[in-house]
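# Fold and geometry: a report
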Amino acid sequence: MISKLSPRYFFRSGIQGLYLKHLERSYHHFKFAIHHPKVVQNNRLKVILKTNQNTQYGKKYNFASISSVKEYQNQVPIADYDSIERHIRSCAAGNKNILCNEKIKLMELSGGSSGPEKLIPYTKGLLQEFSAAIDPWLFNLYSSIPELKGTRSYWAISPIHRTARITSGGIPIGIDDDLEYFGPLSRMLLNEFMLSSKGIAKCVDINQWRFKTAKLLLACTDLGMISVWSPTFLLLLLEYIESEAHNFLLGTDRFSPGNLSAIWPKLKLISCWTDASSSLFIPKLRRWFPHVTIQSKGLLAVEGIVSIPLSDIDGSVLAVGGHFLEFIELAKPNSSPCQAFELEVGGHYAPLLTTSGGLYRYNLKDSVQCLGYYHSTPIIRFEGKIDLTSDLCGEKLNPVQVEAALHKVAQIMNLPYEFALMTPYIPSSGNMPYYILFLEAPMTREQIEILSNNLDTELRQGHPYNYARELGQLGKIEVRPVKNALSFYLSSLERSGLRAGTIKHNILDQRLNWVELFNDHAPFS
């Protein structure tokens, strides 16, 4: 283990000190923004509109004439990917001044975790908006956890390397690693205390990637932080490390089965998704690392950043210094969206982004809840996607409903579970369709029947689902127990072409024929 008095420790500590000094200015801007969100947000909108008023999109909606948020909301429609796809395709073909005035540096892929891939334009201005959110988070992180001083960190890269691709207009597709979200100086400084995984990122074979990544991590005795997107990504990697650690650490006392903490005694923080379906996998992570802080990522999407975590709050605070943000109140979807400083505590909202990357009033189709305020800026929690509605016969189920209903029923039954996935099923016999819940939990046959009845009853609190059940259009939910489901679920999606590391667990999932796949994996009788 590296001694605290070693030259390398002091060198790395010095680099981290320089990096914090570099981040301090961004943190002061952030502090001003969360105290004065209205001023900062209105200014962000003015800058974005003025910069892009001569684009094709800006001329169509007369950006030059807009002088207030109200005028912006009246003149510019709420957009989703389908409504602007032709504009993005035009950008990808090399046409300029379509959505944004700035040169497009690259196109990043979005949507691969829950649907077809989408291209999102990245400009210098957009990356600066990312930095306006990420830099304050990192400053707060390293300032509030002094034990990170002198340690190194691991930031995840998807194990399956994406082959180099460009659009028909010659624009690169894809960011290879998290560091590309940072500016040149930040990248240079971060490289000094981040584990170098260049080369590993180019592994095409997942087994080779897993072996090299495990070797890299196990060789790092001063690992202080792990940053990944999905907790499932980390759990599978840790399971592999636990099973193979004795081969890597032969002749040392750093490993004993079931005790991964001993491998990295300086590990203080794991950053990953913790909300919505991801919350299901956090208890297992805590069992492995009971004394390590697990911090939520906040709501960060390829399209932009809505919120960031801070060490002294539960939830994440809106990143009001980055993009211009609006929020559709889900209880009143036809009313004018709220601005970032107008959210009501307890309210449920869908965020809209206006960015320097050419997205205007872009609906992420996420659900968030306002938990409270940090100074003058709302604190939110991500609840799930609202665009993954399943509708066989008018029941209109969405993941947020299913997650809440199952959590409530399982809590009443005192039934812990490690994996849950519900999928619609249409029998080939022509009988009425119904939903199947695949659940990894210790259940008796009696408990399976009780869970099926109780979950069906809870979901019938929603009028569309209840109406479909009353009319006899939809059958009762069937519960099927499964084992070792997480790794099977992820590997199935990887084989279908989705990128490992970015796959989100959706509790209500229609992407694959899960009934057939799970029957082959673990037949149910």
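Residues numbered from 1 in each chain as written. Predicted model: local features only at pLDDT ≥ 70, side-chain atom pairs only at ≥ 80, totals over all residues. Heavy atoms only, no water.

Further remarks concern the packing of aromatic side chains. Going through the model one piece at a time under the given rule, you end up with 21 aromatic pairs. Ring centres 5.8 Å apart and planes at 75° place the aromatic pair tyrosine 142 and phenylalanine 193 in the edge-to-face group. Of the two residues, tyrosine 142 is situated in helix α6 (residues 124-144) and phenylalanine 193 in the loop between α7 (184-190) and α8 (206-218); the sequence distance between them amounts to 51 residues. Using a relative accessible area of 1% as the deciding quantity, one classes phenylalanine 193 as buried. Here the aromatic cluster, defined as three or more aromatic residues joined through ring pairs, consists of Phe419, Phe438, Phe488, Tyr489, Trp514 and Phe518. Sitting above the plane of the tryptophan 155 ring, lysine 297 keeps its charged end 5.8 Å from the centroid. Taking the ring centre of tyrosine 72 as reference, the NZ or CZ of arginine 361 above it sits at 5.9 Å. (Phe/Tyr/Trp six-rings, centres within 6.5 Å; stacked < 30°, edge-to-face > 60°. Helix = DSSP H or I, 4+ residues; strand = E, 2+ residues; numbered from the N terminus. Buried < 20%, exposed > 50% of the residue type's maximum accessible area, 1.4 Å probe, protein only. Lys NZ or Arg CZ within 6 Å of the ring centre and 35° of its normal.)

This brings us to helix α1 (residues 7-35). Look at α1: 41 Å from first C-alpha to last across 29 residues, which is about the 42 Å you get at 1.5 Å a residue. The largest bend in α1 amounts to roughly 35° and is located at glutamate 24. Every buried residue belonging to α1 is among Tyr9, Arg12, Ser13, Ile15, Gln16, Tyr19, Leu23, Tyr27, Phe30, Ala33 and Ile34, and all of these are buried. (Expected span 1.5 Å × (residues − 1). Bend = angle between axes of the 7 residues up to and from the residue.)

Turning our eyes to something else, we now look at the nonpolar core. Counting residues in each nonpolar core, the largest one holds 92 residues, and the members touching the most others are Met107, Tyr122, Leu138, Leu141, Ile308 and Phe327. Looking at which element gives the most residues to this core, the answer is α6, with 10 residues. Excluding residues that lie within four positions of it along the chain, leucine 138 makes contacts with Tyr19, Leu20, Leu23, Trp155 and Phe182. By size, the runner-up hydrophobic cluster in this structure holds 78 residues, among which are Leu235, Ile294, Leu397 and Tyr489. (Core = buried A, V, L, I, M, F, W, Y, C linked by side-chain atoms within 4.5 Å. Contact = heavy atoms within 4.5 Å.)

Of the two faces of strand β7 (residues 269-272), the one holding Leu269 and Ser271 and the one holding Ile270 and Cys272 are both buried throughout. As defined by bridge partners, strand β6 (residues 223-227) adjoins β7 across three bridges and the pair is classed as parallel. Across the sheet, serine 227 pairs through a bridge with serine 271, a residue of β7. Between β7 and its parallel partner strand β8 (residues 293-296), the chain crosses via helix α10 (residues 282-288), and the hand of that crossover is right-handed. (Pairing = 2+ DSSP bridges. Right-handed = clockwise from strand over helix to strand, strands pointing away.)

Turning next to empty space enclosed by the protein. The final tally for this structure, using the stated rule, is three cavities of 30 Å³ or more. If you add up the space inside the largest cavity, you get close to 170 Å³. Every residue lining the largest cavity is counted, 15 residues in all, and those nearest its centre are Ile134, Trp137, Trp229, Lys297 and Leu300. Elements with a minimum of two residues in the lining of the largest cavity: α6 and β9 (307-309). When its residues are assigned to classes, the lining of the largest cavity shows 11 nonpolar, two polar and two charged. (1 Å grid on protein atoms, 1.4 Å probe; cavity = no way out; pocket = protein on both sides within 12 Å on 5 of 7 lines; lining within 4 Å. Points joined across faces, edges and corners; volume = space filled by probe spheres on them. Nonpolar A, V, L, I, M, F, W, Y, C, P; charged D, E, K, R; others polar.)

Residue position: glutamine 73 is located in helix α4 (residues 69-75). A distance of 2.8 Å separates the side chain of glutamine 73 from the side chain of glutamate 326, its partner in a polar contact. Contact partners of glutamine 73, with chain neighbours within four places excluded, come to Glu326, Ser336, Pro337 and Arg361. (Polar contact = N/O pair within 3.5 Å; in protein donor to acceptor, adjacent residues only side chain to side chain.)

Taken in spatial order, the four strands make up an open sheet running β3-β6-β7-β8, and their pairing is parallel. Either end of the sheet is taken by a strand with one partner, and the two such strands are β3 (152-155) and β8. Mean inter-strand twist for the sheet, computed between neighbouring axes without regard to direction, equals 20°. In the sheet, β7 pairs with β8 via four bridges, with the strands oriented parallel. Bridge pairing in β8 places cysteine 272 opposite serine 296. (Axes fitted to C-alpha atoms, helices over the stretch in contact; angles between N-to-C directions.)

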